[in-house]
Amino acid sequence: MTRPLYHPDAVDRRIINGLQEGFALSPRPFAEAAARLGLEEDELISRLENLRRRGAITRFGPFIDAAAMGGAFCLCAMAVPDDHFDLVAAEVNAFPEVAHNYERQHPLNMWFVLATERPEQIEATARAIEAATGLDVLRFPKLEEFFIGFRVTA
Amino acid sequence: MMLDATERRIIEATQAGLPLSPAPYAEVAAQLGLKEREVIDLLRDLQARGVIRRIGIAPNHYALGMVANGMSVWDVDDAAASDLGARVGNLDFVSHCYLRPRALPRWPYNLFAMVHGRSREEVEEKRAEIAALLGAACRQGDILYSTRILKKTGLRIGRQGKA
């Protein structure tokens, strides 16, 4: 996960801060965005290429609501004894339904997300993990998701 | 939210990113055997339906120095949780915000908000901002810092919505 820090210059900052949403759905969207940012179209495109190559942006395009494509997701947590932690981590990670898994500082020290094609597979997978590990899997399905205002300010 | 076959193809063709060229939708259209106008109209419709949340840059917050993050969790009065959750989600340092069921007695928290900052200290300051915003409706809170990534597969959406 470690990556060298990228130090954006003033123009990079304008692009990163100004282009996190609202990219136009029109035939020449880069020209429109460039005009808004006070740049030329080709300069904006080459800046974006550079930012992507340098790892300062991971992607440029539409953000999809994962649930809209079908599939089910559930955050889960377990309290894993320290002396078994690595073994249990390997057992949990062996399930392809486990999309990501983090160790966290808390008595509930293992947090992972299940992603399955159908909602009923969440429960089946959680039970299978309980059977494999002998530990409870606490399920934290989302009840409500809030609009996110997250903006990285460069 | 049902998607038809063409909509799925457009999402699959663009979810890794739009072409960085002057007419990106024309390029996507050529790739899919559609007209530029069709691609633009379909994307606009997907955005209106909320399937596409926004179109733009995904900054790599690690590369830009936002290297600290913690999962802040809050035990918020149920009657106020929905309204307060919306306000917390709208903060610019919160990247995910959800209401989830409690798991009593082990887990009293129902509001989850992922907080990002340049340092652990900055994350703690943001956490205090959330506590102030929640006020008396919040009985208790905690924050869970990650100590290790044990597994990370991209949540790229395949045909069956599988990671």
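Each value, and the rule that gives it
- Residues numbered from 1 in each chain as written.
- Chains lettered and ligands numbered in written order.
- Predicted model: local features only at pLDDT ≥ 70, side-chain atom pairs only at ≥ 80, totals over all residues.
- Heavy atoms only, no water.
- Helix = DSSP H or I, 4+ residues; strand = E, 2+ residues; numbered from the N terminus.
- Expected span 1.5 Å × (residues − 1).
- Buried < 20%, exposed > 50% of the residue type's maximum accessible area, 1.4 Å probe, protein only.
- Arc of directions from axis to C-beta.
- Contact = heavy atoms within 4.5 Å.
- Buried area = accessible area lost by both parts, 1.4 Å probe.
- Salt bridge = Lys/Arg side-chain N within 4 Å of Asp/Glu carboxyl O.
- Domains from an automatic or database assignment.
- Axes fitted to C-alpha atoms, helices over the stretch in contact; angles between N-to-C directions.
- Parallel < 35°, antiparallel > 145°, perpendicular 65-115°, else oblique.
- Nonpolar A, V, L, I, M, F, W, Y, C, P; charged D, E, K, R; others polar.

(A) Looking closely at helix H3 (residues 41–53) of chain A. Its 13 residues place the ends of H3 of chain A 18 Å apart at the C-alpha level, agreeing with the 18 Å of an ideal helix rising 1.5 Å per residue. Along H3 of chain A, the residues that are buried comprise Glu-41, Leu-44, Ile-45, Leu-48 and Leu-51 of chain A. Projection of H3 of chain A onto a plane perpendicular to its axis shows the buried side chains occupying an angular sector of 125°, all on one side. Across H3 of chain A from its buried face, at more than 90 degrees, point the exposed residues Asp-42 and Arg-53 of chain A. Buried residues along H3 of chain A sit against helix H1 (10–18), helix H2 (29–37) and strand E1 (57–64) of chain A together with strand E1 (52–59) of chain B.

(B) Region of the structure containing the interface of chain A and chain B. In this assembly, 83 residues from chain A lie in contact with 84 residues from chain B. Summed over both sides, the interface between chain A and chain B buries roughly 7,800 Å², with carbon and sulfur atoms accounting for 62% of that surface. By the criterion of area lost to chain B, the three top residues of chain A are Leu-25, Met-69 and Phe-146 of chain A, representing 11% of everything that side buries. Along the contact surface separating chain A from chain B lie five salt bridges.

(C) How the structure looks around the domain arrangement of chain A. As assigned here, chain A comprises domain 1 (10–53) and domain 2 (66–140). Spacing between the C-alpha centres of domain 1 of chain A and domain 2 of chain A amounts to 39 Å.

(D) Geometry of the pattern of salt bridges. Here the structure, examined in full by the defined rule, presents 22 salt bridges over all chains. Among the salt bridges present, the one from Glu-123 of chain A reaches Arg-139 of chain A, with a minimum N-O distance of 2.7 Å. On the criterion of sequence distance, the pair formed by Glu-123 of chain A in helix H5 (residues 120–133) and Arg-139 of chain A in strand E5 (residues 138–140) is long-range, its members being 16 residues apart. Arg-139 of chain A gets classed as partly exposed once you look at its relative accessible area, which sits at 23%. Its salt-bridge partner being Asp-78 of chain B, residue Arg-102 of chain B comes within 3.2 Å of it at the nearest N-O pair. A residue pair is termed long-range when its members are at least 10 positions apart, and Arg-102 of chain B in the loop between strand E3 (94–99) and strand E4 (111–117) and Asp-78 of chain B in helix H4 (residues 78–89) qualify at 24 residues. Note on Arg-102 of chain B: relative accessible area 25%, which makes it partly exposed. Linked by salt bridges that have partners in common, Asp-65, Lys-142 and Glu-145 of chain A together with Arg-53 of chain B make up one network.

(E) Inspection of the packing of helix H1 (residues 5–14) of chain B against helix H3 (residues 36–48) of chain B at higher detail. Residues and elements named next belong to chain B. Two elements in contact, H1 and H3, have axes separated by 11 Å at closest approach and are oriented at 95°. The angle between H1 and H3 places the two elements in the roughly perpendicular class. Contacts between H1 and H3 involve Thr-6, Glu-7, Ile-10 and Ile-11 from the first element and Val-39, Leu-42, Leu-43, Asp-45 and Leu-46 from the second. Its residues placed into classes, the contact of H1 with H3 shows six nonpolar, one polar and two charged.

(F) Inspection of unusual backbone geometry at higher detail. With an omega dihedral of 5°, the bond running from Leu-104 of chain B to Pro-105 of chain B counts as a cis peptide bond. Counting through the fold element by element, Pro-105 of chain B comes out in the loop between E3 and E4.

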